Amino acid sequence: MGKSKDIISGSQINNTIAELYALRAGLSVISERADDVRKLERKIDNENLKISSIESEIDENNRAIKRTREESDRLRQEISNVKNDKSSRVSSHIHNNIKYHPYSLSDFKKFIIFGSIAIIWGFFMIFLSIINGGGEGVAYRIIGIVAIIVGAGLIGVPIIISSLSKKKYNQHRKNLENSKCNEIDDEIRGLQERLDRLQEKLPPLQQKGNELLVKKGDMIKEVEQSVVVIRNNIVSVAQQGELYYHAMETEFASLLNPADWQNTDLCIFYLQTGRAESIKECLLLADRQRQNDEIVGAIRAASDRISSEIRNGFKALGSTMVTCINALSMQIETMSNTLSAQNDSTIRALGAIENSNAALLSATQLNNALQAKANQTSEQLLRDYRYVQNRMGVAI
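The text that follows walks through the structure, step by step, so that each part is easy to find. Note that the coordinates shown come from a computational prediction; the quantities given were computed from them, not determined experimentally.

**So, the nonpolar core**
At step 1: By size, the foremost hydrophobic cluster in this structure holds 69 residues, and its most contacted members are Leu-20, Leu-256, Trp-261 and Tyr-270.
At step 2: The set of elements that each furnish at least two residues to this core consists of helix H1 (10-97), helix H3 (134-252), helix H4 (264-272), helix H5 (279-291), helix H6 (295-311), helix H7 (319-341), helix H9 (363-372) and helix H10 (378-390).
At step 3: With 18 residues, H1 is the largest single contributor of residues to this core.
At step 4: Core analysis: the second largest hydrophobic core is formed by 14 residues, Leu-75, Ile-79, Cys-181 and Ile-188 among them.

**Considerations on H4**
Given 3.6 residues to a turn, an α-helix orients residues that are three or four positions apart in the same direction.
At step 1: Among the nine residues that make up H4, nine are buried, leaving the element largely enclosed by the rest of the structure.
At step 2: Along H4, the residues that are buried comprise Thr-264, Asp-265, Leu-266, Cys-267, Ile-268, Phe-269, Tyr-270, Leu-271 and Gln-272.
At step 3: In the stretch just after H4, Gly-274 is the one whose phi turns positive, near 75°.

**Some points on a nonpolar patch on the surface**
At step 1: Taken together, the side chains of Trp-121, Phe-124, Phe-127, Ile-131 and Ile-143 make up a nonpolar region of the molecular surface, amounting to roughly 510 Å² of accessible area.
At step 2: Top element by residues in the nonpolar patch is helix H2 (residues 109-132). It accounts for four residues.
At step 3: Within the secondary structure, Ile-143 is located in helix H3.
At step 4: Accessibility expressed as a relative area gives 36% for Ile-143, which makes it partly exposed.

**Notes on the pattern of salt bridges**
At step 1: A complete count under the given rule lists 19 salt bridges for this structure.
At step 2: In this structure, Lys-50 and Glu-47 form a salt bridge, with 3.1 Å as the shortest nitrogen-oxygen distance. Residue Lys-50 and its partner Glu-47 are located together in helix H1, separated by three residues, close to a single helical turn.
At step 3: For Lys-50, a relative accessible area of 35% gives the class partly exposed.
At step 4: Glu-47 gets classed as buried once you look at its relative accessible area, which sits at 12%.
At step 5: Among the charged side chains, a network of salt bridges with common partners joins Asp-35, Arg-38, Lys-373 and Asp-384.

**What to know about the packing of aromatic side chains**
At step 1: Taken as a whole and judged by the stated rule, the model has three aromatic pairs.
At step 2: Between Tyr-245 and Trp-261, the ring centres sit 5.1 Å apart and the planes meet at 65°, which makes this aromatic pair edge-to-face. Placement of the pair is Tyr-245 in helix H3 and Trp-261 in the loop between H3 and H4, with a sequence separation of 16 residues.
At step 3: Among the residues examined, Tyr-245 registers a relative accessible area of 9% and is labelled buried.
At step 4: Classification of Trp-261 by relative accessible area gives buried; the value is 0%.
At step 5: Pairing Tyr-245 with Tyr-385 gives two aromatic rings, centres 3.9 Å apart and planes at 5°, and the pair type is stacked. With Tyr-245 in helix H3 and Tyr-385 in helix H10, this pair connects stretches of sequence that are 140 residues apart.

Procedures and definitions
Residues numbered from 1 in each chain as written. Predicted model: local features only at pLDDT ≥ 70, side-chain atom pairs only at ≥ 80, totals over all residues. Heavy atoms only, no water. Core = buried A, V, L, I, M, F, W, Y, C linked by side-chain atoms within 4.5 Å. Buried < 20%, exposed > 50% of the residue type's maximum accessible area, 1.4 Å probe, protein only. Helix = DSSP H or I, 4+ residues; strand = E, 2+ residues; numbered from the N terminus. Patch = residues over 30% accessible without salt bridge, like charges linked within 9 Å, V, L, I, M, F, W, Y side chains within 5 Å. Areas by Shrake-Rupley, 256 points an atom, 1.4 Å probe, with all protein chains shown as cover. Salt bridge = Lys/Arg side-chain N within 4 Å of Asp/Glu carboxyl O. Phe/Tyr/Trp six-rings, centres within 6.5 Å; stacked < 30°, edge-to-face > 60°.

What follows is the structure in structure tokens.
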């Protein structure tokens, strides 16, 4: 379907525009294959997420084991510190809370002195009673005995009071000591119970870690197998795109060189709006607008016009559009059948697929793709082709 790039008639212009739309339809189908490849690549990402999910579980379990061990070590150290500090804590508690102080003999110094004097004086009176004898001696003896009794009382009572006070003090101190010791022992028991509970958690966590490692190994094998299938599917889809591209080269290279296919939208726009009357003029105008930095606006205008034309169903092109779409569909079928019948590895590298029927495209599919990609520019569609082309060698 080659065309001269010289100025052409009105009917030929419409035919050229229809062919350019058919070219765009082919690029749109390849773009859809790029979308399929992206979906398959997302499946690979989702497969890898399965491994990442297990790795996250393993990391969390390892962190739990680490926290348990660190907390266990902390509790052991705390228990050791409490035991080592027990004596000083008890002494400090007694010192701060003692409310009773015993009497000592020094508190009764005067009574003891008077008592001692009284006893000495009593013995002196008894001594005088022995010397004097008679009634006077008896009086001295009685006075001496009374003095000794009073002196003994003055000394004995403080001794008894001091002894009872000391006993009461010791009991009070013992009570404080016992209460604090019990409190510290309860604290140690509480810490030990917490430690025991932590130690009980450790074996299940370690067992879970081992199970997760086994699960990860199994998941890696499963994901690797799944990824192999997906990557092969990616290559199969990419090969379809490559097949379409080479069928389009055969069909449209004489109309528009593949190196200029990014200008497809501009060529359509220039021809439809009368800015150019041939493909050659379209390319010259596109180059001039690029040099003058006007290309962005031109591409936007072309995209809007083409999108509107596609949505309106190519009313101006009529049956010419149908003919061009059918021609591309037949060209794809012809190339697919040719590649299926041959066993040449070089030819197959250009886009052959194992199941050639999967690559067949109806005119309806081409038209649907054109509609679906109406809002994308020809440059974007070509980028999708390059994306597909780069996926040709990802199979494992």
